[in-house]
Amino acid sequence: MRRNYTRPVPVVSPAEVSARRAVPAHIPRPEYVDRPAPARFTGEEVKDAETIERMRVAGRLAAQARELVGSHVAPGVTTDELDRIGHEFLCDHGAYPSTLGYRGFPKSLCSSVNEVICHGIPDARVVEDGDIVNIDITAFIGGVHGDTNATFLAGNVDEETRLLVERTRESLDRAIKAVRPGRRVNIIGRVIEAYAKRFGYGVVRDFTGHGIGTAFHSGLIIPHYDDPRFDDEIRVGMTFTIEPMLNLGTPDYDMWDDGWTVVTKDRRRSAQFEHTLLVTEDGAEVLTHP
């Protein structure tokens, strides 16, 4: 007699984290490195022309790092090796990896595999065939940050997961098109949530996009769900990230004991994409294209 059984869903487990990588002494550090928290941001969300030009440099470099690391996502590589590739690329180009030493984060990028929603710490885990890996990397150069991420496929990824990744990227593209001066930031979340609901995806609420510039995270919050409380006016010259996290199942999550790694409560998969944007007279300029 044949038994009916449910195949266990593989889950990501913590692995050994290697020693912190060194950054050459000549590369300027953000003020928050190895402090408990960054200084409170007191600047303007609207940037001047000179700051915007520096942000274009940082954004382009971060995007190049993202694509380089992503090109190495394949079965057999460790997420620690991916971190090494990103770290060395940024340092070789005179940039500091913004996550390194931010509130104690020990690595130069976040690598979030499968059910890890965000903030995965690169470690000795080997990427397996069928995994998805989000690479979130930020460059600090010229006194400003450029922040970006993308989800990459490793080997033969199942159709349900592939569609999740494709549609998460599409949700970001749709949100970017909704950015217009005079609108409120909640239009961004409204567009993302409406699109995600068509497929029954969970939309993560507690981790959001943010203002960015000389500060890694300013006080501006960009939610990925519709909430009228977030009614900041979108203004020309503002710079912020949009970074939707969509889940196959529940938007609820657990956090590992490391205080960083966020995983879906039902352990189903999650995907994410992120760009740093500049608000222009007629929409948004993506600063994190290679």
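Conventions we followed
- All residue numbers refer to position in the chain's written sequence, counted from 1.
- Only residues with pLDDT of at least 70 are given local features in this predicted model, and only at 80 or more are side-chain atom pairs given and counted; all residues enter the totals for whole chains, interfaces and linings.
- Hydrogen atoms and water are omitted, and side-chain values are computed over all heavy atoms in the structure.
- UniProt positions are given in the numbering used here, feature names are shortened, and annotations may be inferred rather than shown by experiment.
- When DSSP locates at least two bridges between a pair of strands, those strands are taken to pair.
- Only runs of H or I of at least four residues qualify as helices and only runs of E of at least two qualify as strands under DSSP, and these elements are numbered from the N terminus.
- The convention used is that axes are lines fitted to C-alpha atoms, helices contributing only their stretch in contact, and that angles between N-to-C directions extend from 0 to 180 degrees.
- Residue exposure (1.4 Å probe, protein chains only): buried if accessible area is under 20% of the type maximum, exposed if over 50%, otherwise partly exposed.
- Here a polar contact means two N or O atoms within 3.5 Å. Within protein one must be a hydrogen donor candidate and the other an acceptor candidate, and residues neighboring in sequence count only if both atoms are side-chain atoms.
- When checking whether two residues touch, look at their non-hydrogen atoms; a contact exists if any pair is within 4.5 Å.
- The rule is short: rings of Phe, Tyr and Trp, with Trp giving its six-membered ring, pair when the centres are within 6.5 Å, and they are stacked under 30 degrees, edge-to-face over 60, tilted in between.

- Looking at an unreviewed UniProt entry, the chain carries the name Methionine aminopeptidase, with the source organism given as Nocardioides glacieisoli.
- Quoted verbatim from the Function (unreviewed entry) field of the UniProt record, the comment on the chain reads "Removes the N-terminal methionine from nascent proteins. The N-terminal methionine is often cleaved when the second residue in the primary sequence is small and uncharged (Met-Ala-, Cys, Gly, Pro, Ser, Thr, or Val). Requires deformylation of the N(alpha)-formylated initiator methionine before it can be hydrolyzed."
- Of the chain, the UniProt comment under Subunit (unreviewed entry) reads exactly: "Monomer."

**Side note on the sheet that holds strand E3 (residues 116-118)**
Move 1: Pairing is antiparallel across the open sheet formed by three strands, whose spatial order is E3-E12-E11. Edge positions in the sheet fall to E3 and strand E11 (253-255), since each has one partner strand and no second. Looking at each pair of strands side by side, their axes are set apart by 40° on average, direction ignored.

**Details of the environment of Ser18**
Move 1: Looking at the secondary structure, you find Ser18 in the segment before helix H1 (49-71).
Move 2: Note on Ser18: relative accessible area 29%, which makes it partly exposed.
Move 3: Within the structure, Ser18 has its side chain in polar contact with the side chain of Asp80 (distance 2.7 Å).
Move 4: Here the side chain of Ser18 touches Lys107 through a polar contact of 2.6 Å, side chain to side chain.

**Side note on the environment of Thr138**
Move 1: Residue position: Thr138 is located in strand E4 (residues 132-141).
Move 2: Not counting chain neighbours up to four residues away, the residues in contact with Thr138 comprise Leu90, Tyr96, Pro97, Ser98, His145, Gly146, Asp147 and Phe216.
Move 3: Among the polar contacts listed, one links the side chain of Thr138 to the side chain of Asp147, at a separation of 2.7 Å.

**As for the UniProt feature "binding site: substrate" (unreviewed entry) in the chain**
Move 1: Those places that UniProt annotates as "binding site: substrate" (unreviewed entry) correspond, in this numbering, to His119 and His217.
Move 2: Residue placement: His119 occurs in the loop between E3 and E4.
Move 3: Take His119: its relative accessible area is 25%, and that puts it in the partly exposed class.
Move 4: Setting aside its immediate chain neighbours within four residues, His119 contacts Phe105, Cys110, Ser112, Phe207, Trp260 and Thr261.
Move 5: On the secondary structure map, His217 appears in the loop between strand E7 (209-210) and strand E8 (221-222).
Move 6: Assessed through its relative accessible area of 33%, His217 is described here as partly exposed.
Move 7: Excluding residues within four positions of it along the chain, His217 makes contact with Tyr102, His210 and Gly211.
Move 8: Among the polar contacts made by the side chain of His217, one reaches the side chain of Tyr102 at a distance of 3.2 Å.

**What about the packing of aromatic side chains?**
Move 1: Within this structure, the stated rule accounts for eight aromatic pairs.
Move 2: Residues Phe105 and Trp260 carry aromatic rings whose centres are separated by 5.1 Å and whose planes lie at 85° to one another, so their mutual orientation is edge-to-face. Placement of the pair is Phe105 in the loop between strand E1 (96-97) and strand E2 (110-113) and Trp260 in the loop between E11 and strand E12 (262-264), with a sequence separation of 155 residues. Side by side, Phe105 and Trp260 carry an identical accessibility label, which is buried.
Move 3: Look at Tyr225 and Phe230: their rings are 6.5 Å apart centre to centre, the planes differ by 85°, and that puts the pair in the edge-to-face class.

**Some points on the environment of Ala15**
Move 1: Assignment of secondary structure puts Ala15 in the segment before H1.
Move 2: For the pair Ala15 and Arg267, spaced 252 residues apart in sequence, the C-alpha to C-alpha distance is 18 Å.
Move 3: Residues within four places of Ala15 in sequence aside, it is in contact with Asp123, Ala124 and Arg125.

**Regarding the pairing of E4**
Move 1: With nine of 10 residues buried, E4 is to be regarded as a mostly interior element.
Move 2: Pairing geometry for E1 and E4, over two bridges, is antiparallel. Residue pairing for E4: Tyr96 is matched across the bridge by Phe140.
Move 3: One ladder, built from four bridges, connects E2 with E4; its direction is antiparallel.

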